[in-house]
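Residue strings, one per chain:
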Amino acid sequence: MRNLFKECGYSQFDIEDKVMSCWNTIFDQRSAHRLYFETTDSMGYVEDTGNDDARTEGMSYGMMMAVEMNRKDVFDRIWKWAKTYMYLESGANAGFFCWSNQLDGTKNSEGPAPDGEEYFAAALFLAATKWGDGEGIFNYSEQARSILRVALHGEQKMWFDNHHVRFIPNCPFTDPSYHLPHFYELFAHCADEADREFWAECAKESRRYLVKACHEKTGLAAEYATDDGEPLPVDKHGTFFSDSYRVAANIGLDASWCDFTPELSKIAANIIKFFDGKKAEDLHNYLVDGTPRKKLSRHPIGLIATVAQAALAIPETADEEVKQAAKRAVERLWNTPMRVGRRRYYDNCLYFFAILALSGKYEKAGF
């Protein structure tokens, strides 16, 4: 895995210190800014501190962070909490996970959010490779296969025949940041054998889709978009805002795990150039053509992090101007502290993922 921090001249000692500092900020029970909270019965949850709940997004993020940091204890605690309180055992969405729970475990919904299922499955497959399968809910690979089986073949489908993930099951539109071709490559190796060809096609189609969904000049994608890549109306999340930030990070990780895709490298370059030189306090909600709107970014630290992670998609053969802009994006992240306060959850999750990826520690574990 590339270590872009080292390529930028930072010492390995300082890089390791940065990684551990991020981990401790989020997971250490003594940290005033933690997101992870341990409970009784060997469980723990990741809190969305801006909304005072636990979401499959954050829970699955926490599991991915734990497996990459080789912390089986934390991984198992989060997974046990998710299976105990979030798993939907009956109804149309049986087999999925409630997307939002109160911190005492009470469900806020009877429906899922597909990005949670994607991250749960990927993290579980990586855990099976790193630690081996256990018993019951800790038979990681079977748990992951079960999630994907329901997603494709259940009553409420998360993927249609066009291989595009939905925003919610059976929904007519999609969320570009849910398109994770690097995870689908993993699923094509590890899911039920009968579905592996489908997942391989998902990887190809999602890369094609991202090219359509990202603006040809700015590289920006909307939060929600049609299957043709067109943004939904502005008042229906059709702008570049919080969800959208993850597209840049996903393109970077796809290049890291699966090699460069020239069209996606161009998008990454456009995103990096668009934000080059912009200060955190000046970041806005944007139309995908780059027109700033009155609303400021709700998660500027997360945006800085994902733009930096996009640098992984910039090959050595890129123009010097692009490479220097990518280097500045990485250096800006390095010099930007993690967020504190109520809204820290989303920013610091994206921040830590970027730190892992840019230090070469966001690994696909044997695949």
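Use the structure listed above.
Cut-offs and rules
- Residues numbered from 1 in each chain as written.
- Predicted model: local features only at pLDDT ≥ 70, side-chain atom pairs only at ≥ 80, totals over all residues.
- Heavy atoms only, no water.
- Helix = DSSP H or I, 4+ residues; strand = E, 2+ residues; numbered from the N terminus.
- Rg over C-alpha atoms; globule rule 2.2 N^0.38 Å.
- Buried < 20%, exposed > 50% of the residue type's maximum accessible area, 1.4 Å probe, protein only.
- Contact = heavy atoms within 4.5 Å.
- Expected span 1.5 Å × (residues − 1).
- Pairing = 2+ DSSP bridges.
- Phe/Tyr/Trp six-rings, centres within 6.5 Å; stacked < 30°, edge-to-face > 60°.
- Lys NZ or Arg CZ within 6 Å of the ring centre and 35° of its normal.
- Core = buried A, V, L, I, M, F, W, Y, C linked by side-chain atoms within 4.5 Å.
- Polar contact = N/O pair within 3.5 Å; in protein donor to acceptor, adjacent residues only side chain to side chain.
- Salt bridge = Lys/Arg side-chain N within 4 Å of Asp/Glu carboxyl O.
- Axes fitted to C-alpha atoms, helices over the stretch in contact; angles between N-to-C directions.
- Parallel < 35°, antiparallel > 145°, perpendicular 65-115°, else oblique.
- Left-handed = near helix turned anticlockwise from the far one by under 90°.
- Nonpolar A, V, L, I, M, F, W, Y, C, P; charged D, E, K, R; others polar.

(A) Region of interest: the overall build of the protein. Looking only at helices and strands, one finds 13 helices and six strands in the protein. Relative to the globule expectation of 21 Å for 367 residues, the C-alpha radius of gyration of the protein, 19 Å, shows essentially globular dimensions. Dimensions of the protein, computed from C-alpha atoms along their principal axes, come out at roughly 55 × 45 × 40 Å. Out of the 367 residues belonging to the protein, those deemed buried represent 59%. Across the protein, contacts joining residues at least 24 apart in sequence account for 64% of those joining residues at least 6 apart.

(B) Local environment of helix H9 (residues 245-258). The first and last C-alpha atoms of H9 sit 21 Å apart over 14 residues, in line with the 20 Å expected at 1.5 Å per residue. Every buried residue of H9 is accounted for by Tyr245, Arg246, Val247, Ala248, Ala249, Asn250, Ile251, Gly252, Leu253, Asp254, Ala255 and Trp257. Phi for Asp259, located one or two positions after H9, is positive at around 90 degrees.

(C) A look at the sheet that holds strand S2 (residues 43-48). With respect to topology, four strands assemble into an open sheet ordered S1-S2-S3-S4, the strand pairing being antiparallel. Both edges of this open sheet fall to strand S1 (36-39) and strand S4 (100-101), since each of them pairs with a single strand only. As judged from the four bridges shared by S1 and S2, these two strands associate in the antiparallel manner. Note that in S2 the partner of Tyr36 across the bridge is Val46.

(D) Spatial organisation of helix H4 (residues 72-86). The end-to-end C-alpha separation of H4 is 20 Å, in line with the 21 Å expected for 15 residues at 1.5 Å each. Three or more residues of H4 are buried, namely Val74, Phe75, Asp76, Ile78, Trp79, Trp81, Ala82, Lys83 and Met86.

(E) Examining unusual backbone geometry more closely. Here the phi dihedral of Asp52 falls at roughly 55 degrees; this positive angle occurs in a residue that is not glycine. Mapped onto the fold, Asp52 is located in the loop between S2 and strand S3 (53-55). Of note in this structure, His237 is not a glycine but carries a positive phi near 65 degrees. Tracing the backbone shows His237 in the loop between helix H8 (196-213) and H9. When its relative accessible area of 38% is taken as the criterion, His237 is described as partly exposed.

(F) Structural detail: the packing of aromatic side chains. For the coordinates displayed, the defined rule picks out 39 aromatic pairs. Note on Phe274 and Tyr286: the rings are 5.3 Å apart at their centroids and 85 degrees apart in plane angle, and the pair reads as edge-to-face. In this pair, Phe274 is assigned in helix H10 (residues 262-275) and Tyr286 in strand S5 (residues 284-286), connecting sequence segments 12 residues apart. In this structure, Phe274 and Tyr286 share a single accessibility class: buried. Chaining the aromatic ring pairs together yields one cluster made of Tyr61, Tyr119, Phe183, Trp257, Phe353 and Tyr362. It is Lys278 that lies over the ring of Phe274; its NZ or CZ is 4.2 Å from the centre.

(G) View of the nonpolar core. In terms of nonpolar packing, the biggest core is built from 131 residues, with Phe187 and Phe352 touching the most fellow members. For this core, the element with the highest residue contribution is helix H13 (residues 344-358), accounting for 12 residues. Apart from residues lying up to four places away in sequence, Phe352 is in contact with Val19, Cys22, Trp23, Ile26, Phe27, Met65 and Met69.

(H) Looking closely at the environment of Tyr184. If you trace the backbone, Tyr184 turns up in helix H7 (residues 181-190). Residues in contact with Tyr184, not counting those within four places in the same chain, are Glu118, Trp159, Val165, Tyr178, His179, Trp199, Cys202, Ala203 and Ser206. Among the polar contacts made by the side chain of Tyr184, one reaches the main-chain carbonyl oxygen of Tyr178 at a distance of 3.1 Å.

(I) Quick look at the pattern of salt bridges. Counted under the stated rule, the structure contains 24 salt bridges. When the shortest N-O distance is used, the salt bridge between Arg166 and Asp227 registers 3.1 Å. Placement of the pair is Arg166 in the loop between helix H6 (140-153) and H7 and Asp227 in the loop between H8 and H9, with a sequence separation of 61 residues. The exposure class of Arg166 is buried, given its relative accessible area of 0%. Linked through salt bridges whose partners overlap, the residues forming this network are Glu57, Asp115, Asp243 and Arg246.

(J) Summary view of the side chain of Asp115. Of note, Asp115 is situated in helix H5 (residues 114-131). Of note is the side chain of Asp115, whose polar atom sits 3.5 Å from the side chain of Tyr178. The residues contacting Asp115, other than those within four sequence positions of it, are Glu57, Ser60, Tyr178 and Arg246.

(K) Broad picture of the packing of H5 against H6. Interhelical geometry of H5 versus H6 gives an angle of 155 degrees and a closest axis separation of 8 Å. Taken together, the axes of H5 and H6 lie roughly antiparallel to each other. The two elements H5 and H6 cross, and the hand of that crossing is left-handed. Residue-level inspection shows Glu117, Phe120, Ala121, Leu124, Phe125, Ala127, Ala128 and Trp131 of H5 in contact with H6, the latter providing Tyr140, Ser141, Gln143, Ala144, Arg145, Ile147 and Leu148. For the contact of H5 with H6, the per-class residue count stands at 11 nonpolar, two polar and two charged.

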